[in-house]
Amino acid sequence: MIGPADDFMIHQTHEPVRFAGTSDRRFYDRHFLTGHSCDGAVFFLLGMGVYPNLGVIDAFASVAVGDTQWTTRASRELGADRFDSSSVGPVGLEVVEGLRRLRFRVAPGEHAVSLDLSWEGAVPAFEEPPLFSRVAGRVIEQGTRLIQTGRWTGHLTVAGQRFDVAPDTWWGARDRSWGVRSMGLQREPAGIAQAHGLARQRPPLWIWSPMQFDSRTVHFSISEHASGEREVETVRQVPTFTEGGPVLELSAPEHELKFNSARELLDGSSVSFRDVDGTRRTVTLEPLRRAYLRAGTGYGGPDPWRHGTHMGQNWVDSVSYDLADEAVTARIGPTHVLCRMTTDTGEVGYGTFETQVFGAYPAYGLTT
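For the structure given in this document, a descriptive report is provided here. Fair warning: this is a prediction, and the values are worked out from it, not measured in the lab.

## Focus: the pattern of salt bridges
All chains considered together, the criterion is met by 22 salt bridges. Of the charged contacts in the structure, one is a salt bridge between E347 and R216, with a shortest N-O distance of 2.7 Å. Note that E347 is positioned in the loop between strand 22 (335–343) and strand 23 (348–357) and R216 in strand 15 (residues 216–224), a separation of 131 residues in sequence. Close ionic contact of E264 with R290 constitutes a salt bridge, the shortest N to O distance being 3.4 Å. Separated by 26 residues along the polypeptide, E264 in the loop between strand 18 (251–256) and strand 19 (269–274) and R290 in strand 20 (residues 280–292) bring together distant segments of the chain. Judged by its relative accessible area of 13%, E264 is buried. When salt bridges with common partners are traced through the structure, they connect D7, D29, R174 and R176 into a single cluster.

Structure representation (structure tokens):
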């Protein structure tokens, strides 16, 4: 069971703070947050993570505005004090109230992005199903992840352009996770799994979307093989703090998506699920803006920096990407798509719709 202490980056295992002990170099503890103006003008990704067994803490702030995505990132040595995990270079993350309020800052300077933003959760944070996979007897992934939607207050400046941020029109979501995971870290030898061709086959379709409405959030998540078999199939409805009430497990998630030649989501896509009363509800997706996960944020792609890489004691850097250049965007996906989300009952919400299609997926006409 998660608690307020779990917002502090002091975990020792894939379990909550009170449990201790792993020497796996891939152990991590990370905040990942998204935010946007509801008119679609600005979409940002923020993150900070610690890698205790690598002795590194790093962070990034990435903002998509106009035809450019700008990213400022920083890294330093972590040291022995796990409470010394609230700042790295100009970037700071303060847990004001666990599972409720955060403050994320990037101090002004010569870098591309600066901001001072306060986050307040709109719904209670809730856990995804436990993360666990094993190949050839070795744990590949094991962790805990919580999800929460909320609203932002403050200001941000990107490439000299300032935006004032108010909670009525600046919404977002956060993904708070810790455990063992290889994403972003320096690659290791695959060992017996490689020798025997036992590499884990990634399902070609991935959907992850916290859909935020005025009175509730619906978290929709699917990981699906081309055959239709699913490894993840989760739909949860979470009422706002104001509305109150339990988290509800919904069922039978389905998708009707449209993609362009670059496999990016198009207008007219929709998802659906069965409500608690058995009624099938449909949510139509209207893409407003895209932000790219690998635009210098440490998750891979063309940029050489990766999470957990030792960059010295005071490394700060900024990069930018031309989002109007398809050759560029093809290399920095997967894509977080900011969508206006409209239910079949007329309810309007907003949120990121993260979707990836790898390789063949014949149901959508993708053969390679």
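## Regarding the sheet that holds strand 14 (residues 205–212)
The nine strands lie next to each other as 17-16-15-14-23-22-20-19-18, forming an open sheet whose pairing is antiparallel. Because the sheet does not close on itself, it has two edges, and the strands there are strand 17 (248–249) and strand 18. Pairing of strand 22 with strand 23, which is carried by eight bridges, proceeds in the antiparallel orientation. Bridge pairing in strand 23 places T342 opposite V348.

## What to know about the nonpolar core
Nonpolar side chains in soluble globular proteins tend to be buried together. Counting 32 residues, the largest nonpolar core has L46, L115, W152 and L156 as the members making the most contacts within it. Elements represented by at least two residues in this core include exactly strand 2 (42–51), strand 3 (56–65), strand 6 (91–97), strand 7 (101–106), strand 8 (113–121), strand 11 (138–158) and strand 12 (161–165). For L115, the contacting residues outside a window of four places in its chain are L46, A61, F104, R105, V106, H155 and L156. With 23 residues, the next largest nonpolar core counts I207, M211, F259 and V271 among its residues.

## Section: unusual backbone geometry
With omega at 15 degrees, the peptide bond leading from G333 into P334 counts as cis. Take P334: it is sitting in the loop between helix 2 (326–332) and strand 22. Phi angles above zero are rare outside glycine, and L99 is one such case at about 65 degrees. What makes L99 buried here is its relative accessible area of 14%. Of note in this structure, A252 is not a glycine but carries a positive phi near 55 degrees. Tracing the sequence through the fold places A252 in strand 18. Looking at A252, the relative accessible area reads 28%, which means it is partly exposed.

Quick notes on the rules
Residues numbered from 1 in each chain as written. Predicted model: local features only at pLDDT ≥ 70, side-chain atom pairs only at ≥ 80, totals over all residues. Heavy atoms only, no water. Salt bridge = Lys/Arg side-chain N within 4 Å of Asp/Glu carboxyl O. Helix = DSSP H or I, 4+ residues; strand = E, 2+ residues; numbered from the N terminus. Buried < 20%, exposed > 50% of the residue type's maximum accessible area, 1.4 Å probe, protein only. Pairing = 2+ DSSP bridges. Core = buried A, V, L, I, M, F, W, Y, C linked by side-chain atoms within 4.5 Å. Contact = heavy atoms within 4.5 Å.

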